[in-house]
Amino acid sequence: MSNAWVRRFSPRPQARARLFCFAHAGAGASVYRLWPSGLPADLEVCAVQLPGRETRLHEPALTDMNQIVEAALGALVSEFDRPFAFFGHSMGAVVAAELAHALAARGGPLPGHLVVSGRRAPQCPETDPPLHRLDDADFVAELNRRYGGIPEEVLQHEELLQLLLPALRADLQALETSARAQGRAALPMPLSAFGGSDDDRAQRDQLEGWGAETRGPFRVRVFPGDHFYLQPRRTELLADLSVTLAPLLPAPLPRIHA
């Protein structure tokens, strides 16, 4: 049965585990379309598609982080029928972490590993003013100044830019109006924090802060690159993930020879 929240660019129905991937603000599931070829055959990549982009462009984008998490939880829980992990980049890291907390609060099922990327730890304060209320021109200029990543061909194509702006603005509103829950229990699963060496938005000490979010094993890895290091360093990143997520893949049953 199809699920609008999940895109499988290389379906693996017999996979023994799943990796759910959450994209950065304004982006859709297709940013993970090349990932299956770099990961183990027994791991199915499930790229999460939020409303308001790509195949769900006709739907209004959600502007509240709690709504995003609750909607994702309801849509994805049926997919958690085998070992699974979460990977989220930038805004996707927040969604993945909040979804893990929501599952923990409800008694599971829980991801076997949470990987956050390109996002400072929740307790690290945001020093820049909010973006989501700016007019379009200032919004785009300031967003590109802080993060980069908007291709020049998009910036020069007004109609395409106007298609992308609603989801971008909605995502920034969800991020900028969300409040960190106080006093909640640390997550029980291993947590890895990845980042780019030249990313001023998620420096190593800010990645280290994610250690407070888990009582399980924790590590940080910094790759060469900026906030969008994922594409140029995809081979290295997926090699690391293959090792990191190996414990999720149960050993195959031995063959019995008559």
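Look up a bit, the structure's there.
So, on to the sheet that holds strand E5 (residues 114–117). The strand order across the open sheet built from 7 strands is E1-E3-E2-E4-E5-E6-E7, with neighbouring strands paired in mixed fashion. Each edge of the sheet is formed by a strand with only one pairing partner; in this case those strands are strand E1 (6–7) and strand E7 (218–223). With 4 bridges joining them, strand E4 (residues 84–89) and E5 adopt parallel strand pairing. Pairing of Gly88 across the sheet is with Val116, part of E5. Running over the sheet, helix H2 (residues 91–105) touches strand E2 (17–22), E4 and E5 and is turned about 145° from E4.

Extensive coverage of strand E6 (residues 191–196) is indicated by the burial of 6 of its 6 residues. Of the two faces of E6, the one carrying Leu191, Ala193 and Gly195 and the one carrying Ser192, Phe194 and Gly196 are both buried. Pairing geometry for E5 and E6, over 4 bridges, is parallel. Considered in E6, the bridge of Leu114 is made with Leu191. With 6 bridges connecting them, E6 and E7 associate as parallel partners. Bridge assignment links Gly195 to a residue of E7, and that residue is Val222.

A complete count under the given rule lists 2 cavities of 30 Å³ or more for this structure. The calculated volume of the largest cavity comes to roughly 80 Å³. Considering the residues around the largest cavity, the lining is formed by Phe22, Ala23, His24, Ala27, Val48, Leu50, Arg53, Met91, Gly92, Val95 and Asp171. Per-element accounting of the lining of the largest cavity gives the leading share, 3 residues, to H2. Across the lining of the largest cavity, the residue classes tally to 7 nonpolar, 2 polar and 2 charged. The space that makes up the second largest cavity amounts to roughly 50 Å³.

On to the nonpolar core. Counting 51 residues, the largest nonpolar core has Phe20, Phe22, Leu76, Phe86 and Leu114 as its most contacted members. Among the elements that line this core, the one with the most residues is H2, at 10 residues. Counting residues in hydrophobic clusters, the runner-up holds 25 residues, among them Val45, Phe87, Val115 and Leu237.

Cis peptide bonds are those with omega within 30 degrees of zero, and the linkage from Gly108 to Pro109 qualifies with 5°. The phi torsion at Glu54 lies on the positive side, around 50°, for a residue other than glycine. Mapped onto the secondary structure, Glu54 falls in the loop between strand E3 (43–48) and helix H1 (65–76). For Glu54, a relative accessible area of 34% gives the class partly exposed.

A water-sized probe, rolled over the atoms, reveals where empty space remains. Computed from the structure, the second largest pocket encloses a volume of approximately 640 Å³. Every residue lining the second largest pocket is counted, 32 residues in all, and those nearest its centre are Val94, Arg119, Leu175, Ser178 and Ala179. Breaking the lining of the second largest pocket down by element, the ones donating at least two residues are H1, H2, helix H3 (136–147) and helix H5 (158–177). Grouping the amino acids of the lining of the second largest pocket by side-chain chemistry returns 16 nonpolar, 4 polar and 12 charged.

Quick notes on the rules
Residues numbered from 1 in each chain as written. Predicted model: local features only at pLDDT ≥ 70, side-chain atom pairs only at ≥ 80, totals over all residues. Heavy atoms only, no water. Pairing = 2+ DSSP bridges. Helix = DSSP H or I, 4+ residues; strand = E, 2+ residues; numbered from the N terminus. Contact = heavy atoms within 4.5 Å. Axes fitted to C-alpha atoms, helices over the stretch in contact; angles between N-to-C directions. Buried < 20%, exposed > 50% of the residue type's maximum accessible area, 1.4 Å probe, protein only. 1 Å grid on protein atoms, 1.4 Å probe; cavity = no way out; pocket = protein on both sides within 12 Å on 5 of 7 lines; lining within 4 Å. Points joined across faces, edges and corners; volume = space filled by probe spheres on them. Nonpolar A, V, L, I, M, F, W, Y, C, P; charged D, E, K, R; others polar. Core = buried A, V, L, I, M, F, W, Y, C linked by side-chain atoms within 4.5 Å.

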